[in-house]
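Chain and residue survey
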Amino acid sequence: MSVKSREIIIIAVLLLATAVFGFVLIPVGVGEGFGSSGAGLSPRFMPELATLGIALALMFGLLRHVFVTGSNEVPCVASDHEGGHPLRAVIVISICLFFALIGFNLAGFYLGGIAMAVSLTMLLGERRFVKVVLFPILVLVAIYLVFEFGFQIRLPKSGLIPSIPV
Amino acid sequence: MEAILEGITLSLSVNALFGIGIGVVLGQVLGSIPGLTAAMAVALLIPFSFYFDPWVGIPMMLAMFKGSLFGSSIPAILLRTPGTPAAAATVIDGYPLAKAGKGGKALRTVLYASVFGDAFSDVCLIIGSGALAAVAIRFGPSEYAILVLFALMSLVSLNRGTSWRGVVAILVGVLIGCIGLDPISGTARLTFGNAELFDGVGLIPMLIGFLAISEVFTQLEQPPEQLRQRAIEFSKRPEDNQLSRQEKRELLPTLLRSSMIGTVTGALPGLGSTVAAFIAYNEARRTAKNPEEFGKGSLHGIAAPEAANNAVSGANLIPLLAFGIPGDVAAALILGALMIQGITPGPLVFRDNPAPIYAIFSAMLMANAVNYLVGIAYIPLAKKLVSVSKRLLFPAVLVFASAGAYAMRGSLFDVQMMFVFGLIGWLMSKLRFPTVLLLIGFILAPILERSARQTLILVDSSDGWIAFVQSRPVLMILLGVLGFLSVLVIRQRISMRRYAARDDEAADAS
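This structure is a prediction, so every number in the text was calculated from the model and none was measured.

Reading guide: rules and limits
- Within any chain, residue numbers begin from 1 and follow the written order of that chain's sequence.
- Each chain is given a letter, starting from A, and each ligand a number, starting from 1, according to the order in which they appear as written.
- Confidence filtering applies because this is a predicted model: local features only for residues at pLDDT of at least 70, side-chain atom pairs given and counted only at 80 or more, and all residues used for totals across whole chains, interfaces and linings.
- With hydrogens and water set aside, each side-chain value is computed from the structure's full complement of heavy atoms.
- Numbering of helices and strands runs from the N terminus, with a helix taken as a DSSP run of H or I at least four residues long and a strand as a DSSP run of E at least two residues long.
- Residue burial is assigned from relative accessible area. The probe radius is 1.4 Å, only protein chains are included, and a residue is buried under 20% of its type maximum, exposed over 50%, and partly exposed in between.
- Note on definitions: a residue-residue contact is assigned when non-hydrogen atoms from the two residues lie within 4.5 Å.
- For the accessible areas, the method is Shrake-Rupley and the probe is 1.4 Å, while residue cover comes only from the protein chains on display.
- What gets called buried area is simply the loss in accessible area from a 1.4 Å probe that two parts show on being joined, summed for both.
- For this document, the term salt bridge refers to a Lys or Arg side-chain nitrogen within 4 Å of an Asp or Glu carboxyl oxygen.
- Distance and chemistry together define a polar contact, namely a pair of N or O atoms within 3.5 Å, with one atom able to donate a hydrogen and the other to accept it when in protein, and with adjacent residues in sequence counting only for side-chain atoms on both sides.
- For a helix, the expected span equals 1.5 Å multiplied by the number of residues minus one.
- Axis lines are fitted through C-alpha atoms, for helices just across the contact stretch, and the angle between N-to-C directions can take any value from 0 to 180 degrees.
- If an angle is under 35 degrees, it is roughly parallel; if it is over 145, roughly antiparallel; if it lies from 65 to 115, roughly perpendicular; otherwise it is oblique.
- The nonpolar class holds Ala, Val, Leu, Ile, Met, Phe, Trp, Tyr, Cys and Pro. Asp, Glu, Lys and Arg form the charged class, and all remaining residues, Gly among them, are polar.
- Throughout, nonpolar core names a set of buried Ala, Val, Leu, Ile, Met, Phe, Trp, Tyr and Cys residues whose side chains join them through atoms within 4.5 Å.
- A residue's bend is simply the angle between two axes: one fitted to the seven residues ending at it, one to the seven starting at it.
- A pair of aromatic rings is counted whenever rings of Phe, Tyr or Trp (Trp by its six-membered ring) have centres within 6.5 Å, and the orientation is called stacked for planes under 30 degrees apart, edge-to-face for over 60 and tilted otherwise.
- As a reminder, the over-ring test applies to NZ of lysine and CZ of arginine, requiring each to be within 6 Å of the ring centre and within 35 degrees of the ring normal.
- If you view the pair so one helix is near and one far, a crossing is left-handed when the near helix is turned anticlockwise from the far one by less than a right angle, and right-handed when it is turned clockwise.
- Residue-level confidence of the predictor, termed pLDDT, takes values from 0 up to 100.

**Examining the overall build of chain A**
When its secondary structure is counted, chain A shows five helices and zero strands. Each helix and strand of chain A, placed in order from N terminus to C terminus, yields the pattern α-α-α-α-α. For chain A, buried positions account for 40% of its 166 residues. In chain A, 57% of the contacts between residues at least 6 apart in sequence involve partners at least 24 apart.

**A closer look at the overall build of chain B**
Helix and strand content of chain B: 20 helices and two strands. Across the 510 residues that make up chain B, the buried fraction comes to 61%. In chain B, 80% of the contacts between residues at least 6 apart in sequence involve partners at least 24 apart. Summing over all exposed atoms, chain B offers an accessible surface of approximately 19400 Å²; the carbon and sulfur share of this is 64%.

**Comments concerning the interface of chain B and chain A**
Interface size is commonly expressed as the accessible area that is lost once the parts come together. On the side of chain A, 75 residues touch chain B, which itself brings 64 residues to the contact. Sorting the residues of chain B by area buried against chain A places Trp164, Arg391 and Leu392 of chain B first, and these three jointly supply 12% of that buried surface. At the boundary of chain B with chain A, the tally comes to one salt bridge. Between Glu126 of chain A and Arg391 of chain B there is a salt bridge, with the nearest N and O atoms lying 3.3 Å from each other. Seen at the junction of chain B and chain A, the total is six residue pairs in polar contact (both at pLDDT 80 or more). Looking at the side of chain B that touches chain A, the elements that each hand over two or more residues are α7 (163-178), β2 (188-189), α8 (203-219), α16 (390-409), α17 (412-430) and α18 (435-461) of chain B.

**Describing α17 of chain B**
Residues and elements named next belong to chain B. In this model, α17 (19 residues) spans 27 Å end to end at C-alpha, consistent with the 27 Å of a helix rising 1.5 Å per residue. Counting buried positions along α17 yields 14 of 19 residues, so the element is predominantly enclosed. A distance of 3.1 Å separates the backbone nitrogen of Phe413 from a side-chain oxygen at the start of α17, and that oxygen is part of Ser411. Phi turns positive, to about 65°, at Arg432, one or two residues after α17.

**What to know about the packing of α8 of chain B against α18 of chain B**
Residues and elements named next belong to chain B. In the contact formed by α8 and α18, the axes pass within 10 Å of each other and the chain directions differ by 170°. By the criterion of interaxial angle, the relationship of α8 to α18 is roughly antiparallel. Residue-level contacts link Leu203, Met206, Leu207, Phe210 and Leu211 of α8 to Thr435, Leu438, Leu439, Phe442 and Ile443 of α18. Counted by class, the contact of α8 with α18 contains nine nonpolar, one polar and no charged residues.

**Focus on the nonpolar core**
In this structure, Ile143 of chain A together with Leu398 and Phe419 of chain B are the most contacted members of the largest nonpolar core, which totals 151 residues. A per-element tally of this core places α16 of chain B first, with 12 residues. Among residues more than four places away in sequence, those in contact with Ile143 of chain A are Phe109, Tyr110, Glu148 and Leu155 of chain A together with Val399, Phe400 and Ala403 of chain B. Counting 23 residues, the second-largest nonpolar core is a separate cluster that includes Leu111, Ala113, Leu251 and Ala303 of chain B.

**Description of the environment of Arg286 of chain B**
Within the secondary structure layout, Arg286 of chain B lies in helix α10 (residues 272-287). Polar contacts involving the side chain of Arg286 of chain B include one to the side chain of Glu283 of chain B, which spans 2.6 Å.

**What to know about helix α1 (residues 3-29) of chain A**
The end-to-end C-alpha separation of α1 of chain A is 36 Å, in line with the 39 Å expected for 27 residues at 1.5 Å each. The principal kink in α1 of chain A, of about 35°, is found at Phe21 of chain A. The complete set of buried residues in α1 of chain A reads Glu7, Ile10, Ile11, Leu15, Thr18, Ile26 and Gly29 of chain A. On its buried side, α1 of chain A packs onto α2 (45-67) of chain A together with α7 and β2 of chain B.

**With respect to the packing of aromatic side chains**
Counted according to the given criterion, the structure contains 10 aromatic pairs over all chains. Between Phe98 of chain A and Phe99 of chain A the ring centres are 5.3 Å apart and the planes differ by 80°, which places this aromatic pair in the edge-to-face class. Accessibility expressed as a relative area gives 10% for Phe99 of chain A, which makes it buried. We note Lys248 of chain B situated over the ring of Tyr112 of chain B; from NZ or CZ to the ring centre the distance is 5.5 Å.

**Things to note about the side chain of Thr18 of chain A**
Within the secondary structure, Thr18 of chain A sits in helix α1. For Thr18 of chain A, a relative accessible area of 12% translates into the label buried.

**Regarding the packing of α1 of chain A against α2 of chain A**
Helix-helix packing: each pair is described by the crossing angle between the helix axes and the interaxial distance. Residue and element names in this part refer to chain A. At a minimum axis separation of 10 Å, α1 and α2 run at an interaxial angle of 160°. Between α1 and α2, the interaxial angle falls into the category roughly antiparallel. In the crossing of α1 with α2, the sense of the turn from one axis to the other is left-handed. In this structure, α1 uses Lys4, Glu7, Ile8, Ile11, Leu14, Leu15, Thr18, Phe21, Gly22 and Ile26 to contact α2, whose residues at the interface are Pro47, Glu48, Thr51, Ile54, Ala55, Leu58, Met59, Gly61, Leu62, His65 and Val66. Its residues placed into classes, the contact of α1 with α2 shows 13 nonpolar, five polar and three charged.

**So, the environment of Ser235 of chain B**
Residues and elements named next belong to chain B. Relative to the elements of secondary structure, Ser235 occurs in the loop between α8 and α9 (245-267). Residue class for Ser235 comes out buried when judged on its relative accessible area of 17%. Ser235 sits 193 residues away from Met428 along the chain, and the two C-alpha atoms are 42 Å apart. With sequence-adjacent residues up to four places away left out, Ser235 is seen in contact with Gly101, Asp240 and Asn241.

**Some details on the confidence of the model for chain B**
Residues and elements named next belong to chain B. On average, residues of chain B score 82 in pLDDT, and 90% of them are at 70 or above. Looking at the elements of chain B, mean pLDDT is at its lowest for helix α20 (residues 473-509), recorded as 72, and at its highest for α17, recorded as 93. The ipTM assigned to the predicted complex is 0.90, against a pTM of 0.77.

The following block contains the structure:
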């Protein structure tokens, strides 16, 4: 698939998402409120205006790609990352979201943080035991000292085993 | 005069000096860790400033930013890993000098130029923002709406990528800024019944997510060998690790010229430090006695972009302090820090309670001196710290960021939002959408909406638009000035494109 076709597809997908946002999410998510009958503007005005602006900008981009040939437009997808490992980034993001949504609630911040740091360090290719295990523990000890002692902030405790003190 | 003295007294208190010292040290250390940029370091530390007294927290944040700007140049020079696009100009001459064993000299040049550019622009900020604020005090909602629109337009038009991407990024930021209760009617908008969103999306998860987390995700795409450390040898000869008085004297004209370029560039919203650094570098090469030395380790080639880059950071605060409008990510971060301390910058602060502003000014000047002294002591240590492996650093950053995002409101929802914003930021960088514009759109959205809606109510109560504009001479003058500036900005955009096209042709020819 050529760069141009790929960019057109990306813009088309973004246009579709904008349409769903404008026609479905805004009417469902924003009430009319007062102001729609003359006192200033309706609460929907700003989200609708911003969505319209996004749609117009995307259409401008689309028309540019379709009709303007030989323009010095930068490719839509970043080429400097193409030689990299986007899959690794996706796995890291998934691990982070897992801990933010479930892991910290279940294991508590400190145990969850150690598990998160150990899994990420191993994923990035580190295999030496001292660095894989001891470094995350050191980081969490530092966080414990800064938050619990320095600022008196209690980070989440384990929801699964409440008897764990941290 | 009383307010000035009160401000100076505030910033010279033991607490404030402690904040400045801690801020500079933390900024330099975090900024010098490979993979942590200045903005990332400051974004990670903003939540902590909330737990200090305002006159420890604010000087600490300002000092941290100054320290991190110098700190982020250290890996740029020693490891050829510029944390910011602006530092790419410093790498051109900094890395060859470091490779020749003169890393110590290169770092001292960076420190000298950074502090010089920073102090120069701080003085301009002190003079300029007060004068502008005196004008801005006459601004009403309509003038603010026009000013914010102009700032957004110039940010879009001077964006290095394509303008439609800039528009989309800013408007997505505006949309995220709409989440929460409507500022006038109190109607819930886009919260979908989630009570955590009634107060709107938190600024701190946004800043950490878009600036720090997305950057980590992007860097994690690097091949495994790039995630390992790279070392550089240092000469043991004292002259290779020092900057002599004669060398400092010879650098002065370059520093003055570059600082001026940086200050003018920084005072206009959107131009940013990258443009300033490259303009200053080209100007230094154009006026140099030995232009052939550029690219091979010229001290002028290091000093020019560094002075300009740092001068931008001070001048960026001119629109922030005078109008309350951040012109760049640095200003947006400082605005975030000021807001969580309960200070909303703008002309009213200059009129009603100017002491904090003067305290900020004197803290900034003080931070420059501390930055220099700490920097001299830190350079030998920094040579060791730059060897931290990214494989260990990035997991630590992600855990540390989670703790920082949670601490602000004691909510795991903010941690979840931070990672979601990190994901959005990463996707945006893959698709070449500028995340900084999204952040500025998010910050400016409430000002724009409130001003626009108040203006419409005012217009309703007057005899139409024309009568409304005619009744406000400041608005008429502002429209004229902004029209003129818009022409200048468009011309700048066209010339930037011409330069880019010429560079492309030159690259093709070579």
